[in-house]
Amino acid sequence: MSAAARRAHWRELVERRLPEAARPDWPVRLDHCFARILLDNTCGGPWRDHVRPPAYANMPLDQLEMAIALGEAVLAGHADLALLNRRSLAWRGKIACAAVPDALRDGDLILRRWRPDDTAPFAALNADPAVMAYFPRPRTEAESAVEAGFCDRRFVADGFGPWAVEQGGRFLGFVGAFRIMRATPFPGGERVGATIELGWRLAQDAWGRGLATRAAQLTLADLAGRCGIRTVVAYTAAGNDRSRAVMERLGMVPAGTFPHPAVSDGPSRVHRLYRLELAEVPA
């Protein structure tokens, strides 16, 4: 389908289909409110900070496709519009955000909120072919800057997110948790935003020292205690034995495989899924 057709699809979705489908329990019913919610959740913050209006004409087509998919999920009952609206309003400062600690600590290992000076080392990490071996490709510097900003804004939206990992005053990457904001083909993954993923990405010289496991354990304790989250998943490409070993050290249970929707055909498309009930996490 052409770009013009997809942009027309977006306008039809937010200007007619969603307003006409509005239910009494939905938090909004006007076209511009639906557009705000879908665009903010696609951009990971107020959309005007990322896209010049009008969004339907200026947003990159791949992002517009994500916004369309989110709107279609709302119509199909596979996304909670109230949750999406709360995230949008939190980013815009319209509702109070959940209190988040400045940092979690285990000895010299610190998980903290992101800082502007993390952007350069994060870009270097994302440009390392070894670190990004199981991703479609390394990230550009600009893409890394966008991702770093989105990582920290997740704390505003949800009260949790991927923590920046620091040891000895040095940024090493991230470890944390985040809502999966796209439909993913595993049991429960079809409901957008309902599943919490545990994930990590560390610089090469931080590998092999147990840091991912220690940081993930800090994250899990915070999720279970402060956030009241009871179940998390983690997944990685089938060949990524290093990440799978971390999942198994955390006590996560294998839960099958699935084709990752963001990965084209190739050896990294098949991902192995793990689950963990947080009641089973040692205190």
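Use the structure listed above.
Residues numbered from 1 in each chain as written. Predicted model: local features only at pLDDT ≥ 70, side-chain atom pairs only at ≥ 80, totals over all residues. Heavy atoms only, no water.

1. What about helix H9 (residues 241-249)?
At step 1: Burial in H9 covers these residues: Ser243, Arg244, Val246 and Met247. Along H9, the residues classed as buried sweep out an arc of 155 degrees about the axis, all on the same side. Turned more than 90 degrees away from the buried face of H9, the exposed residues are Asp241 and Arg249.
At step 2: Contacts from the buried residues of H9 go to strand E5 (196-202), helix H8 (211-225), strand E6 (231-237) and strand E8 (270-277).
At step 3: Positive phi shows up at glycine 251, right after H9, with a value of about 85 degrees. (Buried < 20%, exposed > 50% of the residue type's maximum accessible area, 1.4 Å probe, protein only. Helix = DSSP H or I, 4+ residues; strand = E, 2+ residues; numbered from the N terminus. Arc of directions from axis to C-beta. Contact = heavy atoms within 4.5 Å.)

2. Brief notes about the pattern of salt bridges
At step 1: The full count for this structure, using the stated rule, is 22 salt bridges.
At step 2: The partner of glutamate 20 in a salt bridge is arginine 16, with the nearest N and O atoms 3.0 Å apart. With a gap of four residues between them, glutamate 20 and arginine 16 both fall in helix H1 (residues 3-21), about one helical turn apart.
At step 3: The class for arginine 16 is partly exposed, based on a relative accessible area of 35%.
At step 4: Close ionic contact of aspartate 222 with arginine 226 constitutes a salt bridge, the shortest N to O distance being 2.8 Å.
At step 5: On the accessibility criterion, aspartate 222 (10% relative accessible area) is buried.
At step 6: Counted as one network, the salt bridges with shared partners bring together Arg112, Arg115, Asp117, Asp118 and Glu166. (Salt bridge = Lys/Arg side-chain N within 4 Å of Asp/Glu carboxyl O.)

3. Some thoughts on H8
At step 1: With 15 residues, H8 ought to run about 21 Å at 1.5 Å a step, and its terminal C-alpha atoms sit 21 Å apart, in line with that.
At step 2: Burial of H8 is extensive: eleven of the 15 residues sit out of reach of the surface. (Expected span 1.5 Å × (residues − 1).)

4. Thoughts on the side chain of threonine 219
At step 1: Assignment of secondary structure puts threonine 219 in helix H8.
At step 2: Using a relative accessible area of 1% as the deciding quantity, one classes threonine 219 as buried.
At step 3: Those residues within four positions of threonine 219 in sequence are excluded, and the remaining contacts are Leu111, Trp163, Val175, Gly176, Ala177 and Leu198.

Just distances and angles here, no functional claims.
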